[in-house]
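# Structural features, examined
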Amino acid sequence: MKTHVLPDWLRRLLMRSVAHRYYSPVVTAIAFASTITFSFPFVAVLIPAVLLSPRRWRTLGLFCGLASGLGAAVLVEIFQYLGAEFVVARYPELMQMQAWQTTSDWLQDWGLLAMLIIAGSPMPQTPALLFCALAGVSTPGILVAVAIGKTVKYLCLAWATAHYPARFIRYN
């Protein structure tokens, strides 16, 4: 099983903030940052965050889902600002990826419903966001679709982690 290990600085941040009331906003800010930078899958943070504080699973799932939706909307605005030429010039291999082809087919056929499904699934959402930005899909629509998809996904995962922690202990 492929696992994602938290960097030490992130692990220390979670450990230091878990006893405080600002723990949920800290984890929410990490969700927002990971969505904008698409540097690591946020699930690798959500599971340890819920394991550290199982009673906060609802708050963490809800706030992190909303933060991911907001982060996706900001990322789409950034992609739209940079323009298609800049993105294609920097990431030419992106257009050849299978995820790009699947995402573009789904988005053309289903629109924002496909974005909601992609956000709630394990599929990478960054190619979908890039495609939406280049296609001129409305940013508020993306915000709502990703927020709903990620919130459902994170609430389910947080609930499972809080109620069946033994299954997730090996994850991190």
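This write-up is about the structure you can find in this document.

Basis of the calculations
- Residues numbered from 1 in each chain as written.
- Predicted model: local features only at pLDDT ≥ 70, side-chain atom pairs only at ≥ 80, totals over all residues.
- Heavy atoms only, no water.
- Axes fitted to C-alpha atoms, helices over the stretch in contact; angles between N-to-C directions.
- Helix = DSSP H or I, 4+ residues; strand = E, 2+ residues; numbered from the N terminus.
- Parallel < 35°, antiparallel > 145°, perpendicular 65-115°, else oblique.
- Left-handed = near helix turned anticlockwise from the far one by under 90°.
- Contact = heavy atoms within 4.5 Å.
- Nonpolar A, V, L, I, M, F, W, Y, C, P; charged D, E, K, R; others polar.
- Patch = residues over 30% accessible without salt bridge, like charges linked within 9 Å, V, L, I, M, F, W, Y side chains within 5 Å.
- Areas by Shrake-Rupley, 256 points an atom, 1.4 Å probe, with all protein chains shown as cover.
- Salt bridge = Lys/Arg side-chain N within 4 Å of Asp/Glu carboxyl O.
- Buried < 20%, exposed > 50% of the residue type's maximum accessible area, 1.4 Å probe, protein only.

## A short note on the packing of helix α4 (residues 57–82) against helix α8 (residues 126–135)
Contact geometry for α4 and α8: axes closest at 9 Å, N-to-C directions at 50°. Taken together, α4 and α8 sit at an angle that is classed as oblique. With respect to the hand of their crossing, α4 and α8 are arranged in right-handed fashion. Where α4 abuts α8, its residues A72, L75, V76, F79 and Q80 lie against T126, L129, L130, C132 and A133. When grouped by side-chain class, the residues that make up the contact of α4 with α8 number eight nonpolar, two polar and no charged.

## What about a nonpolar patch on the surface?
Taken together, the side chains of L70, V74, I78, Y81, L82 and F86 define a hydrophobic patch exposed on the protein surface, amounting to about 550 Å² of accessible area. For the nonpolar patch, the element with the most residues is α4, which contributes five residues. Checked against the element boundaries, I78 lands in helix α4. On the accessibility criterion, I78 (35% relative accessible area) is partly exposed.

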